[in-house]
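Residue-level structural notes
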Amino acid sequence: MYQAPNFKQEKNTDLLSTPGAEEDEALFDVAIVGGGLSGLSLSILLAKSGHKVLLLEKERYPFHKVCGEYISLESWNFLDSLGYPLSDLDLPIIKHLTISAPNGNSVSHDLPLGGFGISRYKIDSEMAAIARQNGVLLLEGTKVSDVNFHETEFSVRCTNTIYRAKVVCGAFGKRSNLDVKWKRLFAGQRPNKLNNYIGVKYHIESPNPADSIALHNFQDGYCGISKIEENKSCLCYLTTAANLRACSNSITRLEETVLQKNPLLKKVFEESKLLYTAPLTISQISFEEKSQVENHILMIGDAAGMITPLCGNGMSMAMHAAKIAAELVTQFLSRRFTRQQLEDEYIQQWRACFGKRLKAGRMIQRFFGSEWVTNKFIFAVKPFPRLISYLIRQTHGEPF
């Protein structure tokens with residue numbers, strides 16, 4: 001197992017960039033930008049294969065993220081294989097789904113595979129510990145300002161240091177300063193039905209059932225509620241930036257005048273105790289198509305393509321993509337692939353595995369914008385449970 005070299009982040013840039021006796025020690029096999037579930041999973045897999053791995057995370061663990069915190073059971077065995085003891089944690093297993101329209105009309109359905117609830121605050125920090133135990137050099141509080149490719153290797157520029165790596169993977173989430181810097185196409189799109197969303201998240205104490213996830217729709221958005229560890233619940237909603245602007249950019253006003261027009265959501269807010277002093281928010285969320293390779297960098301997780309949260313499958317997709325990338329990167333580092341073959345094969349496998357799911361997610365997303373369309377959609381599908389099962393299957397995969 002690779003043991004991380006003991007150098008500090010402020011180590012002299014010239015030493016890291018100068019060929020010679022220090023070069024092999026300074027050159028990483030893989031550098032991963034972003035320490036969420038995709039980046040952590042990838043780092044652990046690569047370190048277990050004996051590779052020299054650098055993982056750069058701009059925040060410090062543990063920290064909260066705007067996320068629905070429902071993970072499909074398709075990733076249970078994968079997490080177990082990484083050394084994460086899910087079976088020991090007494091987590092809520094979620095087997096039922098309730099969807100409501102803005103008028104309060106609702107439909108309930110069993111989830112064919114189901115999922116489990118766990119906070120990102122908990123799972124990310126504990127996965128970070130597993131990464132370190134496997135020899136990953138994980139640097140927290142480290143923001144990457146740019147990545148450049150030079151013939152056979154990358155330079156990864158941070159505040160005080162430039163790191164070098166044979167392969168770089170971007171696992172920096174929904175939107176990053178790097179997306180803008182590299183002028184990725186989705187980052188420059190004008191506002192439309194698939195971009196310019198905001199996300200808002202709370203942890204709450206709520207009487208909602210532990211085995212169910214609820215998805216309550218409102219004008220230009222929807223709100224998911226499900227249990228996590230310690231009998232807490234995650235309440236996370238997505239809406240348009242325009243909806244917030246119409247409420248004078250006040251989240252409180254948005255919740256009182258828009259979300260709570262749905263009588264079921266009104267009941268949730270009345271019966272729940274908010275556990276955050278202020279909500280966690282994120283803006284400029286986009287579900288537009290993204291490239292899976294950018295400047296020779298393999299994109300993992302939401303950086304490669306984001307499925308709409310109402311599908312409840314983003315975290316499992318991120319971890320599955322990490323598994324695909326790890327296998328291909330290992331072949332490249334073993335000189336069984338050229339770099340071009342690595343990139344082409346990753347794009348092909350990623351799209352074969354997730355392309356249909358993303359397309360289905362974008363299609364379903366369009367039914368949950370207009371209030372009257374959503375009301376009619378819920379009313380129309382209620383008598384057809386097989387149709388609901390079909391739609392759920394289109395956005396989920398098999399255990400990997």
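Shown above is the structure to which this text applies.
Residues numbered from 1 in each chain as written. Predicted model: local features only at pLDDT ≥ 70, side-chain atom pairs only at ≥ 80, totals over all residues. Heavy atoms only, no water.

1. Quick notes on a nonpolar patch on the surface
A cluster of nonpolar residues, F384, L387 and Y390, forms a patch on the protein surface that exposes about 300 Å² of accessible area. Looking at the secondary structure, you find L387 in helix α13 (residues 385-394). (Patch = residues over 30% accessible without salt bridge, like charges linked within 9 Å, V, L, I, M, F, W, Y side chains within 5 Å. Areas by Shrake-Rupley, 256 points an atom, 1.4 Å probe, with all protein chains shown as cover. Salt bridge = Lys/Arg side-chain N within 4 Å of Asp/Glu carboxyl O. Helix = DSSP H or I, 4+ residues; strand = E, 2+ residues; numbered from the N terminus.)

2. Brief notes about unusual backbone geometry
Residue P62 is reached from Y61 by a cis peptide bond, and omega for that bond is -10°. Relative to the helices and strands, P62 is located in the loop between β2 (53-56) and β3 (70-72). One non-glycine residue, N295, lies in positive phi territory at about 55°. Classification of N295 by relative accessible area gives partly exposed; the value is 41%. (Buried < 20%, exposed > 50% of the residue type's maximum accessible area, 1.4 Å probe, protein only.)

3. Structural notes on α13
Burial in α13 covers these residues: I388, S389, L391 and I392. Down the axis of α13, the buried side of the element spans an arc of 165°, and every buried residue falls inside it. Contacts from the buried residues of α13 go to β4 (93-100), β5 (106-117), α11 (339-365) and α12 (371-381). (Arc of directions from axis to C-beta. Contact = heavy atoms within 4.5 Å.)

4. Concerning the packing of aromatic side chains
Tallying each qualifying case throughout the model produces 8 aromatic pairs. Arranged with centres 5.2 Å apart and planes meeting at 90°, the rings of W76 and F116 form a pair that is edge-to-face. On the criterion of sequence distance, the pair formed by W76 in helix α4 (residues 76-82) and F116 in strand β5 is long-range, its members being 40 residues apart. For F116, a relative accessible area of 0% gives the class buried. (Phe/Tyr/Trp six-rings, centres within 6.5 Å; stacked < 30°, edge-to-face > 60°.)

5. Some thoughts on the packing of helix α10 (residues 314-333) against α11
At a minimum axis separation of 10 Å, α10 and α11 run at an interaxial angle of 160°. Judged by the inter-axis angle, α10 sits roughly antiparallel to α11. The two elements α10 and α11 meet at a crossing, and its hand is right-handed. Facing α10, whose interface residues are M317, H320, A321, I324, A325, L328, V329 and F332, α11 presents R339, L342, E345, Y346, Q349, W350, C353, F354, R357 and L358. (Axes fitted to C-alpha atoms, helices over the stretch in contact; angles between N-to-C directions. Parallel < 35°, antiparallel > 145°, perpendicular 65-115°, else oblique. Left-handed = near helix turned anticlockwise from the far one by under 90°.)

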